[in-house]
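# Residue-level structure breakdown
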Amino acid sequence: MAASIRLWILSCFLAKLVNTEDLRMLRFSTKTGYKHLKTHELGDLTKLTQHFDSGCKPLQINMLLRHGSRQPNKKWAVRFKDVLSKLQGNIQRDSFSHLNTMPLRYTPDHQSDMNLVDVGKQEHAGLGQRIGSAFSSIFNPDLADANMVHTISSSKGRARESAKTFMDHFRQTISHSVNVKYSVNDDMLRFFDNCNKYVKGVDTNTTALGEYHKFKSGPEMRQIAGRVSQNLGLTKQHTLTGEDVYAVYQLCAYDVNLYNDHSWCDLFTHEDFENLLLIFRANLKVF
């Protein structure tokens, strides 16, 4: 029986949280990069493949993957610029004074808006290599058929490029030629754009996000904002709001994933990441 792989490149992904000494590397909801999870999730597949020789062989492999790391969209680029204009020049603590001149790496440029970056390509190249190496033995050339490998993505360039990068490196690990079918299905993978029931019932329904709006301006976020403002030595006039501190959290996530730079993450304590309030704020909106 022919083995098959179905790769569904989605625009949303709930990262499984794992134990790590540096929680800042992982806890970013949908902004968690695959590169931070590979050691724990897909770095060692021997536990799955060690049973192949004992008569247990997979007949089909299905994978659900998010696109690789990308640039922030225009909305977030504008929010980053706004929060930096509020902070820079007003940070009084010597330990964080370098942030007064920290350059902003993201601009509201339509040409680069949400494009896949090199880090994102490397993530899917690595995924393709690891999956191909682990399961190459089940792709028997005598059983190959026209639909042996089926890759489905959304129409977004970052999704299509992620799918192609994965398959290019997956095929390099297979000793013989495999047939790959590519297709685009926005109705399935971008249902939040095309499903009228979802758009009306959730996306444009203000009551559906009631708990989200309560939390983002609630006491938990205000407490984090107050602590960060105090640590920076900000005056009352420049004290951060819950939305400001969440923008810093998102900036931290992008800088860690794309540049391995923890400068903005250093404003948060270990407890801020450990108690999951920031990721909870993110998940309330996304999920």
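Refer to the preceding data block for the structure.
As the structure is a computational prediction, the values presented were derived from the model and not from experiment. (Residues numbered from 1 in each chain as written. Predicted model: local features only at pLDDT ≥ 70, side-chain atom pairs only at ≥ 80, totals over all residues. Heavy atoms only, no water.)

## As for the overall build of the protein
Where we set the bar: Secondary structure elements follow DSSP: runs of H or I no shorter than four residues count as helices, runs of E no shorter than two count as strands, and numbering proceeds from the N terminus. Accessible area is worked out with a 1.4 Å probe on protein chains only. A residue is then buried under 20% of its type maximum, exposed over 50%, and partly exposed in between. Any two residues whose heavy atoms approach within 4.5 Å at even a single point are treated as in contact. Only the protein chains shown count as cover for residues, and all accessible areas are computed by the Shrake-Rupley method using a 1.4 Å probe.
Regarding its fold elements, the protein presents 13 helices and 4 strands. Taken over 287 residues, the protein has a buried fraction of 46%. Considering only contacts in the protein between residues 6 or more positions apart, those separated by 24 or more positions represent 79%. Roughly 14900 Å² of accessible area belongs to the protein as shown, and the carbon and sulfur atoms make up 49% of that amount.

## Here's the deal with the packing of aromatic side chains
Our working definition: Side-chain rings of Phe, Tyr and Trp (the six-membered ring for Trp) are treated as a pair once their centres are within 6.5 Å; stacked means planes under 30 degrees apart, edge-to-face means over 60, and tilted covers the remaining angles. Only when the NZ of Lys or the CZ of Arg is both within 6 Å of the ring centre and within 35 degrees of the ring normal is a charge said to sit over the ring.
By the definition in use, this model includes 16 aromatic pairs. Centroid distance F191 to F192: 5.4 Å. Interplanar angle 75°. Geometry classified as edge-to-face. An angle of 80° between the planes, with centres 5.4 Å apart, marks the rings of F191 and Y198 as edge-to-face. With a relative accessible area of 26%, Y198 lands in the partly exposed category. Counting every residue linked through ring pairs, the aromatic cluster contains F28, W76, F80, Y106, Y246, Y249, Y254, Y259, F268 and F273. Here the basic side chain of R281 rests over the ring of Y246, its NZ or CZ set 3.7 Å away from the ring centre.

## Concerning empty space enclosed by the protein
Here is the rule: Here a cavity means grid points, on a 1 Å grid over the protein atoms only, where a 1.4 Å probe fits yet cannot get out; a pocket means an open set of points with protein on both sides within 12 Å along at least five of seven lines; lining residues are those with an atom within 4 Å of a point. Grid points are joined across faces, edges and corners, and a volume is the space filled by probe spheres set on the points.
If you walk through the whole model with that rule in mind, you get 2 cavities of 30 Å³ or more. In this structure, the largest cavity occupies an estimated 90 Å³ of space. Lining the largest cavity are 13 residues; nearest its centre among them are K31, R66, S69, R70 and N257. Ranked by residue count, the leading element in the lining of the largest cavity is helix α11 (residues 242–259), at 4 residues.

## Digging into the side chain of S154
This is how it is decided: Side-chain atoms alone can form a polar contact between residues adjacent in sequence; in general such a contact is a pair of N or O atoms within 3.5 Å, and within protein one must be able to donate a hydrogen while the other accepts it.
Relative to the assigned elements, S154 resides in the loop between β3 (149–153) and α5 (157–172). Reaching out from S154, the side chain makes a polar contact with the backbone nitrogen of K156 at a distance of 3.3 Å.

## Section: the packing of helix α4 (residues 118–135) against α5
Rules: Where helices are involved, their axes are fitted lines through C-alpha atoms of the stretch in contact, as for all axes, and angles between N-to-C directions lie from 0 to 180°. Comment on the angle field: the value is read as roughly parallel under 35 degrees, roughly antiparallel over 145, roughly perpendicular from 65 to 115, and oblique elsewhere. Here a crossing is called left-handed whenever its near helix is offset anticlockwise from the far helix by less than a right angle, and right-handed whenever the offset is clockwise. Throughout, the ten residues Ala, Val, Leu, Ile, Met, Phe, Trp, Tyr, Cys and Pro are labelled nonpolar, Asp, Glu, Lys and Arg are labelled charged, and all others, Gly among them, are labelled polar.
As a packed pair, α4 and α5 sit with axes 7 Å apart at the nearest point and diverge in direction by 40°. It follows that α4 is oblique to α5 by the angle criterion. Crossing hand, α4 versus α5: right-handed. Here K121, H124, A125, L127, G128, Q129, I131 and G132 of α4 come into contact with α5, specifically with E161, S162, T165, F166, H169 and F170. Looking at the contact of α4 with α5 residue by residue, the class counts come to 5 nonpolar, 7 polar and 2 charged.

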